[in-house]
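The lines below spell out each chain.
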Amino acid sequence: MNELSWFVVRRLFQGLVVVLTVTAIVFVVTRLIGDPVAIMLPLDATEAQRETLRRALGLDQPVYLQFIDFLRSLFALDFGESYWQHRPNIDIIRERLPATFQLVGAGMLLAVVLALPLGTVAAMYPGRLPDRITSALSLVGLSVPLFWLGLILIYVFAAQLRILPSSGPGTFVHLVLPAVTLALPSAGRLAMLVRSSLIDELNAPYVKTAVAKGLPLWRILGVHTYVNAAVPTLTMIGWEVTRSLAGHTIIVETVFAWPGLGLAAIQAIQREDLLLLQAIVFVVALMVVVINLALDLVYKFIDPRISV
Amino acid sequence: MVAEVASSAVKMRQPAWWRDYAAVFGIAVVVLLILLAVFAPYIAPHDPVIPSLRLRLKPPVWMDGGSWTYVLGTDHLGRDILSRIIHGSRASLIAGVSVVAIAGSFGTIVGLISGFVGGRVDTLMMRWVDVHIAFPGLLISLLIIAVLKPSLGTVVIALSINGWMVFARLVRSIVLSARQLPYVEAAEVIGCKPVRTIFRHILPNLAAPLLTLAVLEFARIVLAEAALSFLGVGIQPPAMSWGLDVASGRNYLFNAWWVVTLPGLAITITVLGVNFLAGWLRVVVDPYEGEKRFARAVANREG
């Protein structure tokens, strides 16, 4: 096997370890810390009903058998029935995924589109207006609660200016506010990173050489500095995407009633549907692992020096 | 040399005077937060819990129909918003301090062991940290909260479980580099016991960076507690939290913006202040930063 295949194999193995660990955490939290039977049944349930549910969930088995069983059904993508909707959990997830992908896709695209030019100009002219906008945005990303940012945007654009719908799914226009809410803090963090990695690159001797040779600015940026600043920037974008998928979308989807996976997680908690929540956690973990894996492969192509 | 100083001056985001104003703002915010939280019942002008339907959705004093009796207006149940903000500071402070204390001590212990023992123990522990960090916290927090009952205690547990890894990483890296220092090596060579080496020689190196990280984490926890309470899985009414107040004002956003805006502003100002404080601490408590600052000042005077 050549080096690249080894790289892929090792990364796959590491991803598997992450998934297994998450599964173990989910298992410990749901089965050992809490009592699923107590959560899923009403308080006045009879002992016989409890016993039936316990047996149906396999809780009368020894713990290690339960865990193996748990693993087997998860890897077969069998997440059981939703307690709330009385249909397979995998169907609910499949139904909700596109909305979340739309939101994350639009939000992250917007963040990158905002951050790259802002960060570049901020790096080239430190202290000027674009630099200040970048600093202000990054402070927003650091200090403003996401849910509050969303509500303020609703107030300004839906209640006062009346140019955008306040919430709900539907047309492209409905996506604007949620995507902007998701994008703004990420854009701030990204722009700050682009700025600092570009400043590092712009001070490097090879850029001075390029300037001395008389290369045009676009060529220096495009061919030299961007490529070198790509690895940290991509790492950050990947980080932002996984954070959005597994955290920020929950908040943004709740604020805007956007029917994605995050809203489903909150609804599952409200309806005490533990199996659905567990299924969502597992699916999101899987996506995070796949994204990280894909990023690792991209790095390998950008910078062949990177090893496992 | 001059070029290096210049480039590091460019890297610094703000000039020194701005940094100090930000620090004053940060310290003021933190002191205010602590005072409000400790003396809430004495400072708050009204009872924060008892509803009064007659007084529903009164605007703040600077708007038409506002009065000095309810400076920041009232919410949808006629409760004084200022009083609720004052009382809500308690949840933020308690959550922030307890999570930082629990996650901080656990992370520090893991980091000390990992860095000091090394070898296979180190590899295993750091793998654990890597895996845990790779997996996003909010979902696991939701799972833990769904299993236990939502309350301030549950929030603290859930956030601590997801918050210790940064401390472990920081402490481990400092221990590793501190062990390379000549005086620590000398202490080990002359036969200091590990406990003495750790507590007497390595721990003082940890104090400054740990303090800065703890303050930064405090800001993050305040935000996380607010988010969980907003989602309805954090603090439960009648207990008070800023995130909870933002959530309950949501339905009145279109005709009473202040119910949502003001508690949210309280969160933002608190987090901003704490972040400024952390930025200032990083400079003040780090002797190397202090030297750099001095050198920069000298270079600026000469250039």
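Note that the coordinates shown come from a computational prediction; the quantities given were computed from them, not determined experimentally. (Residues numbered from 1 in each chain as written. Chains lettered and ligands numbered in written order. Predicted model: local features only at pLDDT ≥ 70, side-chain atom pairs only at ≥ 80, totals over all residues. Heavy atoms only, no water.)

Listed per partner, the contact involves 41 residues of chain B and 53 residues of chain A. Each partner contributes to the roughly 4,100 Å² buried at the junction of chain B and chain A, and carbon and sulfur atoms together form 80% of this total. Among the residues chain B hides against chain A, the three largest losses belong to Leu-139, Leu-143 and Val-147 of chain B. Together they make up 16% of the total. Between chain B and chain A we count zero salt bridges in total. Counting across the chain B and chain A interface gives five residue pairs in polar contact (both at pLDDT 80 or more). Ranked by residues supplied to the side of chain B that touches chain A, first place goes to helix 12 (residues 257-285) of chain B with 11 residues. (Contact = heavy atoms within 4.5 Å. Buried area = accessible area lost by both parts, 1.4 Å probe. Salt bridge = Lys/Arg side-chain N within 4 Å of Asp/Glu carboxyl O. Polar contact = N/O pair within 3.5 Å; in protein donor to acceptor, adjacent residues only side chain to side chain. Helix = DSSP H or I, 4+ residues; strand = E, 2+ residues; numbered from the N terminus.)

Residue and element names in this part refer to chain B. Here Val-49 is to be found in the loop between helix 3 (40-43) and helix 4 (81-117). Here Val-49 falls in the partly exposed class, since its relative accessible area comes to 33%. When the C-alpha atoms of Val-49 and Ile-235 are compared, they prove to be 14 Å apart, with 186 residues separating the residues in sequence. Here Val-49 is in contact with Arg-79, Arg-84, Pro-238 and Met-240, once residues within four sequence places are set aside. (Buried < 20%, exposed > 50% of the residue type's maximum accessible area, 1.4 Å probe, protein only.)

We now examine the packing of helix 11 (residues 261-270) of chain A against helix 12 (residues 274-302) of chain A. All names here are of chain A. Contact geometry for helix 11 and helix 12: axes closest at 9 Å, N-to-C directions at 150°. Classed by the angle they form, the pair helix 11 and helix 12 counts as roughly antiparallel. Relative to helix 12, the crossing made by helix 11 is left-handed. From helix 11, Leu-261, Ala-264, Ala-265, Ala-268 and Ile-269 reach across to helix 12, where they touch Leu-276, Leu-277, Ile-280, Val-284 and Met-287. Grouping the amino acids of the contact of helix 11 with helix 12 by side-chain chemistry returns 10 nonpolar, no polar and no charged. (Axes fitted to C-alpha atoms, helices over the stretch in contact; angles between N-to-C directions. Parallel < 35°, antiparallel > 145°, perpendicular 65-115°, else oblique. Left-handed = near helix turned anticlockwise from the far one by under 90°. Nonpolar A, V, L, I, M, F, W, Y, C, P; charged D, E, K, R; others polar.)

With that settled, the discussion passes to the nonpolar core. Core analysis: the largest hydrophobic core is formed by 135 residues, its most contacted members being Phe-147 of chain A together with Leu-142 of chain B. With 17 residues, helix 10 (residues 194-230) of chain B is the largest single contributor of residues to this core. Filtering out sequence-adjacent residues up to four positions away, Leu-142 of chain B remains in contact with Ile-250, Ala-265, Ile-266, Ile-269 and Leu-277 of chain A together with Leu-228 and Val-233 of chain B. Within the second largest apolar cluster, nine residues are counted, among which are Ala-111, Ala-183, Ala-187 and Met-236 of chain A. (Core = buried A, V, L, I, M, F, W, Y, C linked by side-chain atoms within 4.5 Å.)

Residue and element names in this part refer to chain B. Considering all chains together, one arrives at 11 salt bridges over all chains under this definition. Where Asp-75 meets Arg-79, a salt bridge forms, and the shortest distance between an N and an O atom there is 3.0 Å. Side by side, Asp-75 and Arg-79 carry an identical accessibility label, which is buried.

Below, the discussion takes up unusual backbone geometry. For residues other than glycine, phi is negative in most cases, and the peptide bonds are mostly trans. Pro-238 of chain B follows Pro-237 of chain B through a cis peptide bond whose omega is 10°. Turning to its location among the elements, Pro-238 of chain B is positioned in the loop between helix 10 and helix 11 (242-249). In this structure, Arg-162 of chain A takes a positive phi of about 55° despite not being glycine. When you line up the elements, Arg-162 of chain A lands in the loop between helix 7 (146-160) and helix 8 (172-202). Note on Arg-162 of chain A: relative accessible area 66%, which makes it exposed.

Moving on, we come to the confidence of the model for chain B. All names here are of chain B. Residues of chain B with pLDDT of at least 70 account for 88%, and the chain-wide mean is 84. Taking the mean pLDDT of every element in chain B, the minimum, 39, falls on helix 1 (residues 2-11) and the maximum, 93, on helix 4. The model gives residues 1-12 a pLDDT under 50, and that stretch makes 13 contacts with residues more than four places away or in other chains. Scored as a whole, the predicted complex attains pTM 0.86, and scored at its interfaces, ipTM 0.85. (pLDDT = per-residue confidence, 0-100.)

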